[in-house]
Amino acid sequence: MSRSVETRPASSPVTADDVALAVRLAVGSLRDASPEGWDGRAGSLEWDCWETVEHLANDLLYYSVQLGPQSPPLDTHVPFALNQKRPGGPAYFLFAERAAGPAGLVQVLEACGALLVAMVRTTSPQVRAHHASGVSDPEGFAAMGVVETLVHTHDVAEGLGLDWTPPAGLCSRALTRLFPQAPDGAAPWPTLLWATGRADLPGHPRPTTWRWQSTPRS
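Residues numbered from 1 in each chain as written. Predicted model: local features only at pLDDT ≥ 70, side-chain atom pairs only at ≥ 80, totals over all residues. Heavy atoms only, no water.

Okay, the pattern of salt bridges next. Inspection of the entire model under this criterion finds eleven salt bridges. The partner of arginine 121 in a salt bridge is aspartate 17, with the nearest N and O atoms 2.4 Å apart. A residue pair is termed long-range when its members are at least 10 positions apart, and arginine 121 in helix α3 (residues 101–122) and aspartate 17 in helix α1 (residues 16–31) qualify at 104 residues. In this structure, arginine 173 and aspartate 18 form a salt bridge, with 2.8 Å as the shortest nitrogen-oxygen distance. Placement of the pair is arginine 173 in helix α5 (residues 168–178) and aspartate 18 in helix α1, with a sequence separation of 155 residues. You can call aspartate 18 buried: its relative accessible area is 6%. (Salt bridge = Lys/Arg side-chain N within 4 Å of Asp/Glu carboxyl O. Helix = DSSP H or I, 4+ residues; strand = E, 2+ residues; numbered from the N terminus. Buried < 20%, exposed > 50% of the residue type's maximum accessible area, 1.4 Å probe, protein only.)

Attention now goes to the layout of surface pockets. Roughly 380 Å³ of internal volume is contained in the largest pocket. Along its surface, the largest pocket is lined by 19 residues, and His55, Asp59, Tyr62, Tyr63 and His131 are the ones closest to its centre. With five residues, the top contributor of residues to the lining of the largest pocket is helix α2 (residues 49–66). Residue composition of the lining of the largest pocket, by class: ten nonpolar, six polar and three charged. (1 Å grid on protein atoms, 1.4 Å probe; cavity = no way out; pocket = protein on both sides within 12 Å on 5 of 7 lines; lining within 4 Å. Points joined across faces, edges and corners; volume = space filled by probe spheres on them. Nonpolar A, V, L, I, M, F, W, Y, C, P; charged D, E, K, R; others polar.)

Looking at the protein as a whole, the pLDDT averages 93, with 95% of positions reaching at least 70. Contacts from residues 1–8, a stretch scored under 50 in pLDDT, to residues over four places away or in other chains number 18 contacts. (pLDDT = per-residue confidence, 0-100. Contact = heavy atoms within 4.5 Å.)

Pasting the structure below:
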């Protein structure tokens with residue numbers, strides 16, 4: 001049986017609607033998960049499922065606040081204090097209340113995603129702000145939010161035994177924006193997993209380290 005393969009369009013921007021879609025799909029999947037197993041390892045990560053979702057919420061918050069100041073910093077992040085719950089765990093700006101359980105954690109994720117959606121939607125495309133991978137624009141932060149959401153939900157889905165396959169078009173737009181050198185010819189979702197070191201791709205060694213290109217595209 002033949003199988004069609006999408007190629008990534010050259011001019012398809014990542015938007016606030018894409019962030020909203022990614023977060024909505026992630027929240028919908030995680031909300032249905034069993035309350036058991038959140039202390040188990042998240043896929044190939046060294047983090048458990050709870051702290052991976054907590055990390056994802058922090059990522060979305062981080063991207064939104066970078067765009068917040070009237071003159072965003074270009075050489076460092078907005079100076080929220082970072083803390084760790086344990087050595088080797090993620091560094092956080094905020095923590096979810098453990099007593100609220102997985103439902104509360106998912107609500108924190110949803111709220112942080114909504115902040116990024118609002119900031120991308122209302123910030124001028126000309127604004128630039130700091131990121132460790134290169135000074136970026138609102139579209140870049142939107143794309144980073146999409147990728148973080150898709151791949152970390154994948155990690156947690158592996159840990160909790162959930163099905164998780166995001167839409168090809170969403171993956172394709174994020175790939176085009178952040179991984180322009182990623183190979184064509186395979187479906188976008190496996191390619192995105194390959195680009196972030198999470199899967200093999202026929203004919204291409206799996207990256208042992210990876211980094212996206214957050215700088216604005218012409």
